[in-house]
Amino acid sequence: MWTLTVVSLVVGYVTYWLYGSQPKITIAKEAAKEGHRTQKIVKNCQHFHSRFIPSPWLVSGHLQTVGAAKIRQTPHLDFEREQLFMEDGGFITLDWISIIGEEKQQMVEEIASESNPRVSKSFQSMESKASIVRSKTTVPTVIVIAGLTGGSNESYVRHAVSEAKNQKFNCVAFNYRGAADTHLATPIAYSGAQTDDLRALVKHVRAVLPTSPLFGIGFSLGSNILSKYVGEEGDKCILSGAVSISNPFKFVEAADVLNGHWFLRNVYSKALGTNLKNFLKRHKDMLGRNELINLEEIDKTIFMREFDDHFTRKIYGFKSVNDYYTEASSATRLKNIAIPYLALNALDDPISPSVCIPYEEFESNPNLILITTKRGGHTGWLQGWNLFSLNNSWMDKVAFEFIAQVIKTANKNE
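> Looking at this structure, I do not really get the pairing of strand S2 (residues 80-85). What am I missing?
Regular strands place side chains that alternate from one sheet face to the opposite one. One ladder, built from 6 bridges, connects S2 with strand S3 (residues 91-97); its direction is antiparallel. In the strand pairing of S3, Arg81 is matched with Asp95. Two successive antiparallel strands, S2 and S3, enclose a turn made up of 5 residues, where Gly89 displays a positive phi of approximately 95°.

> When you look at the nonpolar core in this model, what are you seeing that I'm missing?
Across soluble globular proteins, nonpolar side chains have a tendency to be buried as a group. Ranked by internal contacts, the top residues of the largest apolar core, which has 49 residues, are Ile143, Leu198, Leu201, Val205, Val230, Leu239 and Tyr341. Not counting residues within four places of it along the chain, the set of residues in contact with Tyr341 comprises Ser227, Ala242, Ser244, Asn247, Phe249, Leu334, Phe362, Asn367, Leu368, Ile369 and Phe402. Core analysis: the next-biggest nonpolar cluster, separate from the first, contains 39 residues, Phe48, Leu77, Ala146 and Trp394 among them.

> Would you mind showing me how to read the packing of helix H6 (residues 196-208) against helix H7 (residues 221-233) here?
What describes two packed helices is the angle between their axes and the distance between those same axes. Following both chains from N to C, one finds H6 and H7 inclined at 70°, their axes separated by 10 Å at the closest point. Classed by the angle they form, the pair H6 and H7 counts as roughly perpendicular. Where H6 approaches H7, its residues Leu198, Arg199 and Val202 are matched on the opposing element by Ile225, Leu226, Tyr229, Glu232 and Glu233.

> What exactly am I supposed to notice about the pattern of salt bridges here?
Oppositely charged side chains are able to pair whenever their charged atoms sit close together. Counting across every chain of the model gives 13 salt bridges. Here Arg81 and Asp95 are joined by a salt bridge, their closest N and O atoms 2.7 Å apart. Here Arg81 is found in strand S2, whereas its partner Asp95 is found in strand S3, with 14 residues between them in sequence. As a salt-bridge pair, Arg333 and Glu327 come within 2.9 Å of each other at their nearest N and O atoms. The exposure class of Glu327 is partly exposed, given its relative accessible area of 32%. Overlapping salt bridges, with partners in common, bring together Asp196, Arg199, Lys228, Glu232, Glu233, Glu327 and Arg333 in one network.

> Explanation requested: the packing of aromatic side chains in the structure shown.
Any pair of aromatic rings gets described here by the distance separating the centres and the angle formed by the planes. For the structure on display, the rule yields 14 aromatic pairs. On the basis of an interplanar angle of 45° and a centroid distance of 5.4 Å, the ring pair of Tyr324 and Tyr325 is categorised as tilted. Given a relative accessible area of 2%, Tyr325 falls into the buried group. Taken together, the aromatic side chains of Phe174, Tyr176, Tyr190 and Phe279 make up a single cluster linked through ring pairs.

> So what exactly am I meant to see when it comes to helix H9 (residues 262-282) here?
Every α-helical turn comprises 3.6 residues, leaving residues that sit three or four positions apart pointing alike. In this model H9 runs 29 Å from its N-terminal to its C-terminal C-alpha over 21 residues, within 8% of the 30 Å that 1.5 Å per residue would give. The sharpest bend along H9 measures roughly 30° and falls at Lys270. Of all the residues in H9, the buried ones are Leu264, Tyr268, Ser269, Leu272, Gly273, Leu276, Lys277, Phe279 and Leu280. If you follow the buried residues of H9, they end up packed against helix H3 (61-71), helix H8 (251-260), helix H10 (284-287), helix H11 (295-299) and helix H12 (304-315).

Basis of the calculations
Residue positions are given per chain, counted from 1 along the sequence in the order it is written. Given that this is a predicted model, residues contribute local features only at a pLDDT of at least 70 and side-chain atom pairs are listed and counted only at 80 or more, while totals for whole chains, interfaces and linings are drawn from all residues. Heavy atoms throughout the structure, all of them, feed into the side-chain values; hydrogens and water do not. Only strands joined by at least two bridges in the DSSP assignment are considered to pair. To qualify as a helix, a DSSP run of H or I must reach at least 4 residues; to qualify as a strand, a run of E must reach at least 2; elements of each kind are numbered from the N terminus. Each nonpolar core is a collection of buried residues, namely Ala, Val, Leu, Ile, Met, Phe, Trp, Tyr and Cys, held together in the definition by side-chain atoms within 4.5 Å. Relative accessibility under 20% of the residue-type maximum defines a buried residue, over 50% an exposed one, and the middle range a partly exposed one, all with a 1.4 Å probe and only protein chains included. Residues are treated as being in contact if the distance between any of their heavy atoms lies within 4.5 Å. Axis definition: a line fitted to C-alpha atoms, limited for helices to the stretch in contact. Angles are taken between N-to-C directions and run from 0 to 180 degrees. Note on angle classes: values under 35 degrees are labelled roughly parallel, values over 145 roughly antiparallel, values of 65 to 115 roughly perpendicular, and the remainder oblique. Salt bridges are defined as contacts in which a side-chain nitrogen from Lys or Arg sits within 4 Å of a carboxyl oxygen from Asp or Glu. Between the rings of Phe, Tyr and Trp (Trp by its six-membered ring), a pair exists once the centres lie within 6.5 Å; its type follows the angle of the planes, with under 30 degrees stacked, over 60 edge-to-face, and the other angles tilted. For a helix, the expected span equals 1.5 Å multiplied by the residue count minus one. Working definition for bend: take the seven residues up to and ending at a residue and the seven starting at it, fit an axis to each, and measure the angle between the axes.

What follows is the structure, given as structure tokens:
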């Protein structure tokens, strides 16, 4: 009996270990040359070269994805919320975690002392139309961008913010229009193709923290928007580096995979469609004013593609849902990225499938680094044995080690 037990444990452990694998690194040949900035970053990021071993309870992409969404604990954080208004009258919100300290508090008091009824003394709901310098700190600032219908309330966002705080970085979570318990001021929401709100946010953060190096971390849809923005900006990009996690890259292909398999369609596409419909229901009074959409038709939709066909593509003026997906895809913008850029994707991701990874772009642009793992799921990469305390994610370690090495490499080159 004991022999059988020991053998079972050994076999189980070996099987578990075999599920772990060495990450695959994809970079351009030019970037692999000794002394190249990308080569230095890759060489010094230890997690790029260490085996990723998933939690033994979550050894498949589906389990990792569900575990990240349903099991991983959500840290408690005290944010300072700021509203940033857009030219069309809509607004986004910024949830700040900062370590600026007394200097920041002094600046807040100075802002509040100005006879401006739109500014709260506590800064908890400060509304911004103009950017005011808040600090001359040189501490790096990380902008975290959530996935579809997400915001600073999401577990993966809060874990990233917590890690930024642990690293002694300033951090701000970007909340889309109407997300994270905010209302819509106009009958326009957001989409995977729209980068103007992120562009305005980055400019604003640069204005209020003019000497702080800025970095972006995006998850899922947020990683696509971040990647698209960085590619559109090219060599004029304000950010010093960007991290893309679980990026779908090619929306048409990703949607085809989700809709082409019964299980994926009825689990993930249906869940994403439900989240989008819930978003619409929360804002139906405002969105109902948009004459381009029919709320009754949208309410009948079940899957994400159906929702995008009846809502998203119509609001943004696309002739078809595939036209919208093509324009939204960040894969075609990667060739123009001119800053250090890391993409992290799991090959067993059921929502951002491996068929969508544009390897050719990473093999041609020396500023790009692609890390792929056999396991990890969608925004998962959870590790550890304790099923009731799964807070340890490999993706956070990889992302912030990359940012640290970008800063270190830049400092050495100065």
